[in-house]
Amino acid sequence: MSRYFPQDTEYFSKLPGYPSQERMKKGPVALIECNQCIPCNPCESSCRQGAITVGSQITNLPVLDEEKCIGCGICAAACPGQAVRIIDLSKEEGIVAFPYEYLPAPQKGQIGNALGRDGSVLGQARVVRVDAPKAYDHTMVVWVAVDKEIAKEVCSFGGKD
């Protein structure tokens, strides 16, 4: 597997933008799977809480201050590499939010497939919210309820087979 396109959560969990398991259980928080040292910082500049830091060297990996993060989803919409999701393991079901740029947009209540990093079907997902304000520049953020066992792997949503 390429170092640029790894697929396993263990690899990503070691990055500075990945929240702790304890924090994920407290409520919504950004989960940043950015592993490329490229000039990019929209996640930092979009965060109104100051929870993401790239720093003056714009090729640094983003660092998450998990205590400042409120899990609003703005950084997920802002990331051009779609490397940011929001995760919430504080409820009975896992909640995951991710950027979504396909049409038609999923609808609240819609049932479909929870998709992994490689597009594989991980399980069932139910759309609980779709955010699409103008400030997101045509990138929706889709919030889905999934089984907690797959929540850290879920990256997208697809219609039923």
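Quick caveat, the model's predicted, so the values are computed rather than measured.

### As for the overall build of the protein
Part 1 of the reasoning: In terms of helices and strands, the protein carries four helices and nine strands.
Part 2 of the reasoning: Over its C-alpha trace the protein gives a radius of gyration of 15 Å, about what one expects of a compact globule, namely 15 Å for 161 residues.
Part 3 of the reasoning: In terms of its C-alpha atoms, the protein occupies a principal-axis envelope of roughly 45 × 35 × 30 Å.
Part 4 of the reasoning: Each of the 161 residues in the protein was classed as buried or not, and the buried ones make up 44%.

### What about the side chain of Arg85?
Part 1 of the reasoning: Inspection of the secondary structure assignment puts Arg85 in strand 4 (residues 84-88).
Part 2 of the reasoning: Here Arg85 falls in the buried class, since its relative accessible area comes to 4%.
Part 3 of the reasoning: Only 3.1 Å separates the side chain of Arg85 from the side chain of Glu33, close enough to count as a polar contact.
Part 4 of the reasoning: There is a polar contact of 2.8 Å between the side chain of Arg85 and the backbone oxygen of Val154.
Part 5 of the reasoning: Apart from residues lying up to four places away in sequence, Arg85 is in contact with Val29, Ala30, Leu31, Glu33, Val96, Ala97, Phe98, Arg117, Lys152, Val154 and Cys155.

### A short note on the pattern of salt bridges
Part 1 of the reasoning: Per the stated rule, a full pass over the model turns up six salt bridges.
Part 2 of the reasoning: Note that Arg117 is salt-bridged to Glu33, the shortest N-O span being 2.7 Å. One end of the pair, Arg117, is in the loop between strand 6 (111-115) and strand 7 (121-131); the other, Glu33, is in the loop between strand 1 (29-32) and helix 3 (42-46), and 84 residues separate them in sequence.
Part 3 of the reasoning: Its salt-bridge partner being Asp131, residue Arg129 comes within 2.9 Å of it at the nearest N-O pair.
Part 4 of the reasoning: By relative accessible area, Arg129 is classed as partly exposed at 38%.
Part 5 of the reasoning: Overlapping salt bridges bring together Glu33, Arg85, Arg117 and Glu153 as one network.

### Observations regarding the nonpolar core
Part 1 of the reasoning: Ala30, Leu64, Phe98, Val144, Val146 and Val154 are the most contacted members of the largest nonpolar core, which has 45 residues in total.
Part 2 of the reasoning: Mapped onto this core, the elements with two or more residues apiece are strand 1, helix 4 (74-78), strand 4, strand 5 (94-100), strand 7 and strand 8 (140-146).
Part 3 of the reasoning: In this structure Leu64 touches Pro16, Gly17, Pro19, Val29, Ala30, Ile32, Ala51, Ile52 and Cys69, once residues within four positions along its chain are discounted.

### Side note on the pairing of strand 5
Part 1 of the reasoning: Among the seven residues that make up strand 5, seven are buried, leaving the element largely enclosed by the rest of the structure.
Part 2 of the reasoning: In strand 5, alternate side chains face the same way, and those of Gly94, Val96, Phe98 and Tyr100 on one face and Ile95, Ala97 and Pro99 on the other are all buried.
Part 3 of the reasoning: As defined by bridge partners, strand 4 adjoins strand 5 across three bridges and the pair is classed as antiparallel. The residue of strand 5 that forms the bridge with Ile87 is Val96.
Part 4 of the reasoning: From the end of strand 4 to the start of strand 5, which pair antiparallel, there are five residues.
Part 5 of the reasoning: Two strands pair when backbone bridges link them, and strand 5 and strand 8 are joined in this way by seven bridges, in the antiparallel orientation.

### Side note on the sheet that holds strand 4
Part 1 of the reasoning: The seven strands lie next to each other as 1-4-5-8-7-6-9, forming an open sheet whose pairing is antiparallel. Two strands in the sheet have a free side with no partner beyond their single neighbour: strand 1 and strand 9 (156-158). In this sheet, adjacent strand axes meet at a mean angle of 40° when their direction is disregarded.

The rules behind each value
Residues numbered from 1 in each chain as written. Predicted model: local features only at pLDDT ≥ 70, side-chain atom pairs only at ≥ 80, totals over all residues. Heavy atoms only, no water. Helix = DSSP H or I, 4+ residues; strand = E, 2+ residues; numbered from the N terminus. Rg over C-alpha atoms; globule rule 2.2 N^0.38 Å. Buried < 20%, exposed > 50% of the residue type's maximum accessible area, 1.4 Å probe, protein only. Polar contact = N/O pair within 3.5 Å; in protein donor to acceptor, adjacent residues only side chain to side chain. Contact = heavy atoms within 4.5 Å. Salt bridge = Lys/Arg side-chain N within 4 Å of Asp/Glu carboxyl O. Core = buried A, V, L, I, M, F, W, Y, C linked by side-chain atoms within 4.5 Å. Pairing = 2+ DSSP bridges. Axes fitted to C-alpha atoms, helices over the stretch in contact; angles between N-to-C directions.

Shape is all these values report; function is a separate question.
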